[in-house]
Amino acid sequence: MDDEDSVMLKWRIWCRQWLLRRDERGAYHTIFRELAIEDSPGFAEYMRMPYAKFVELAEKNLPFIVKQETCMRKSIDPSERWNIPNNIGAIDEKRIVMQKPAGAGSPFHDYKGNESIIALVMAGPEYECLYVDVGTNGRNPDSHAWGRFSLKQALHNADNPLNLLQLRPLPGSTKPIPFVLTADEAFPLSLIVKL
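Residues numbered from 1 in each chain as written. Predicted model: local features only at pLDDT ≥ 70, side-chain atom pairs only at ≥ 80, totals over all residues. Heavy atoms only, no water.

Per an unreviewed UniProt entry, the protein carries the name DDE Tnp4 domain-containing protein and comes from Paramuricea clavata. Under the Cofactor (unreviewed entry) heading, UniProt states for the protein: "a divalent metal cation". (UniProt positions renumbered as here; feature names shortened; annotations may be inferred.)

As structure tokens, then:
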């Protein structure tokens, strides 16, 4: 397909058919609502927060993220999307189950009864891996493992080895604030680096 054909294709397809079915088959209208109604612990695990906290945050942010509908397209409800200003990535740890090395003893034995190592991954806004660190013994709790990762030291380094951007204000504000990493409760709240 040459460039001229691709331009024509863009104008012929206003919206993909599967996107038009979002109201009946999208994650918000299926699993999100089912978990909220039927399985509170499942909701908290899926969203990394209890339903009541999600509703509270959505209501507080509503004035800043509400969109208007047009005659062409219906806007996406704020509770269906989650945009976090000044977010430089999402970070999480996962345990990788493995066979214990011969003669290793118990350093890899985790709280679930498996032998494992911990992988820390930082993903960017386009779901790309920005940082991966694998190898901390599974015996360590997540909070202890976070303290040993090189990413934490780099984020706390005032020399800014990660080349983080300068502080910038949130939408509708003039006061510059630090960038944030989205994470679960295993990562303590802290001011990482002040540029």
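Attention now moves to the overall build of the protein. On a plain count of helices and strands, the protein comes out with 8 helices and 6 strands. In the protein, buried positions account for 25% of the 195 residues. Partitioning the intrachain contacts of the protein with sequence separation of at least 6 by distance along the chain shows that 49% fall at a separation of at least 24. Of the roughly 14300 Å² of accessible surface on the protein, a fraction of 56% belongs to carbon and sulfur atoms. (Helix = DSSP H or I, 4+ residues; strand = E, 2+ residues; numbered from the N terminus. Buried < 20%, exposed > 50% of the residue type's maximum accessible area, 1.4 Å probe, protein only. Contact = heavy atoms within 4.5 Å. Areas by Shrake-Rupley, 256 points an atom, 1.4 Å probe, with all protein chains shown as cover.)

This part is about a nonpolar patch on the surface. On the surface, Ile-96, Val-132 and Val-134 cluster together to form a nonpolar patch covering roughly 240 Å² of accessible area. On the secondary structure map, Val-132 appears in strand β3 (residues 129-137). Residue Val-132 is classed as partly exposed on the basis of its relative accessible area of 48%. (Patch = residues over 30% accessible without salt bridge, like charges linked within 9 Å, V, L, I, M, F, W, Y side chains within 5 Å. Salt bridge = Lys/Arg side-chain N within 4 Å of Asp/Glu carboxyl O.)

This next bit is on the nonpolar core. Counting 13 residues, the largest nonpolar core has Ile-91, Leu-120, Tyr-131, Trp-146, Phe-149, Leu-151 and Phe-187 as its most contacted members. Among the secondary structure elements, those contributing two or more residues to this core are β2 (116-123), α7 (142-148) and α8 (150-156). It is β2 that contributes the most residues to this core, 3 residues altogether. The contact partners of Leu-151, leaving out residues within four places of it in the chain, are Ile-91, Leu-120, Met-122, Tyr-131, Trp-146 and Leu-162. (Core = buried A, V, L, I, M, F, W, Y, C linked by side-chain atoms within 4.5 Å.)

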